[in-house]
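Tertiary structure, described
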Amino acid sequence: MTHTPPESAVVLFNGSDLSNWTSRDGGAPGWAVEDGVMAVVPRTGDVMTTERFTDHFLHLEFMTPDMPEATGQAKGNSGVFLQGRYEIQVLDSYGIAVPGMGDCGAIYNQFAPLVNACKPPLEWQSYDVIFRAPRLNDDSEIVENTRVTVLQNGLVILNNVILSGTTGANIGGGVGDPGPLLLQDHGNLVKFRNIWAVPLPLEGSDKY
Ligand code: MG
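Quick summary incoming for the structure in this document. Since this is a predicted model, take the numbers as computed values, not measurements.

**With respect to the overall build of the protein chain**
- When helices and strands are tallied, the protein chain shows zero helices and 15 strands.
- A compact globule built from 208 residues should have a C-alpha radius of gyration of about 17 Å, and the protein chain, at 16 Å, falls within 12% of that.
- For the protein chain, the spread of C-alpha atoms along the principal axes amounts to about 50 × 40 × 30 Å.
- With 208 residues in all, the protein chain has 45% of them scored as buried.
- Within the protein chain, contacts between residues separated by at least 24 positions form 67% of all contacts whose residues are at least 6 apart in sequence.
- Total accessible area computed for the protein chain in this model is approximately 9,600 Å², and 51% of it derives from carbon and sulfur atoms.
- Mean positive and mean negative side-chain charge positions of the protein chain (12 and 24 charges, respectively) differ by 2 Å.

**Comments concerning the coordination of the magnesium ion**
- For the magnesium ion, the full set of protein donor atoms is N77 (OD1), S78 (O), E87 (OE), Q89 (OE1) and Q184 (OE1), and the range of their distances to it is 2.2 to 2.4 Å.
- Mapped onto the polypeptide sequence, the residues donating to the magnesium ion form the spacing pattern N-S-x8-E-x1-Q-x94-Q. Separated by 12 residues along the polypeptide, N77 in the loop between strand 6 (56-63) and strand 7 (78-82) and Q89 in strand 8 (residues 86-90) bring together distant segments of the chain.
- Since its relative accessible area comes to 1%, N77 is described here as buried.
- Residue Q89 is classed as buried on the basis of its relative accessible area, which comes to 1%.

**Points about the pairing of strand 12 (residues 147-152)**
- Counted residue by residue, strand 12 has five buried out of six residues, so it is predominantly covered.
- As paired elements, strand 9 (residues 125-132) and strand 12 share six bridges and run antiparallel to each other. In the sheet register, D128 faces strand 12, and the bridge partner there is L151.
- In this sheet, strand 13 (residues 155-162) lies alongside strand 12 in antiparallel orientation, the contact comprising five bridges.

Reading the values: the criteria
- In this numbering scheme, every chain counts its residues from 1 along its sequence in written order.
- Reporting of local features is limited, given that this is a predicted model, to residues whose pLDDT is at least 70; pairs of side-chain atoms are given and counted only at 80 or more, and all residues count toward the totals for whole chains, interfaces and linings.
- Side-chain numbers come from the whole structure's heavy atoms, not from hydrogens or water.
- Secondary structure is summarised from DSSP: a helix means a run of H or I of at least four residues, a strand means a run of E of at least two, and numbering begins at the N terminus for each.
- Here the radius of gyration uses the C-alpha set of atoms, whereas the globule reference equals 2.2 Å times the residue count to the power 0.38.
- Here's how the labels work: a residue is buried when its accessible area is under 20% of the maximum for its type, exposed when over 50%, partly exposed in between, all with a 1.4 Å probe on protein chains only.
- By the convention used here, residues are in contact when the closest approach between their heavy atoms is within 4.5 Å.
- Per-residue accessibility takes into account occlusion by the displayed protein chains alone, with areas from the Shrake-Rupley method and a 1.4 Å probe.
- The charge count includes Lys and Arg as positive and Asp and Glu as negative, but it does not include His or the ends of the chains.
- Charge placement uses NZ in Lys and CZ in Arg. For Asp and Glu, CG and CD serve respectively.
- Each metal's donors are the N, O and S atoms found within 2.8 Å of it, except that Na, K and Ca use a 3.2 Å limit; water is left out, so coordination can look incomplete.
- Here, strands pair whenever DSSP counts at least two bridges between them.

What follows is the structure, encoded as structure tokens:
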């Protein structure tokens, strides 16, 4: 997968500051930026983009901290919330034989990753995501559920899964509305870099 954003990409983290980001309530984000990397500052809260998305492709890179004494959900936890509503888990799940619905690469509590594609902590990893937003009718009822395909470190870990709804800790609001990319402060020193998205047309190429 390419790590270089194409011309059509919206660069969400410019590598030098968080001018494209806010806290959940729209205030100033509390995370740190250094050497082209944005990092969780524990207990400053989640951060989200000012940009809003419907269907889109997302690329980002993340690194979990080395926490040898920690286990389970306390080990390098963060999260990538598509539209602020659907969490792809970020966790140190390196070496787990059969990852579950709470492990790295899972859609939290809905889908476990197909394979464990995790690298060890302190190594950069990538998510490449194809996101298809739910389709609603004129009565704002969902007629086609959200779909997500995810590659972790170039391996397919979620193959066009159909989500049953939003995941926990989502931003709320109408699921038919465009939403931000939100990154989770779960109290651990997770880092992110090279974050960009490409908005996708909502209809197929035969409808241009
Ligand atoms: Mg999480």
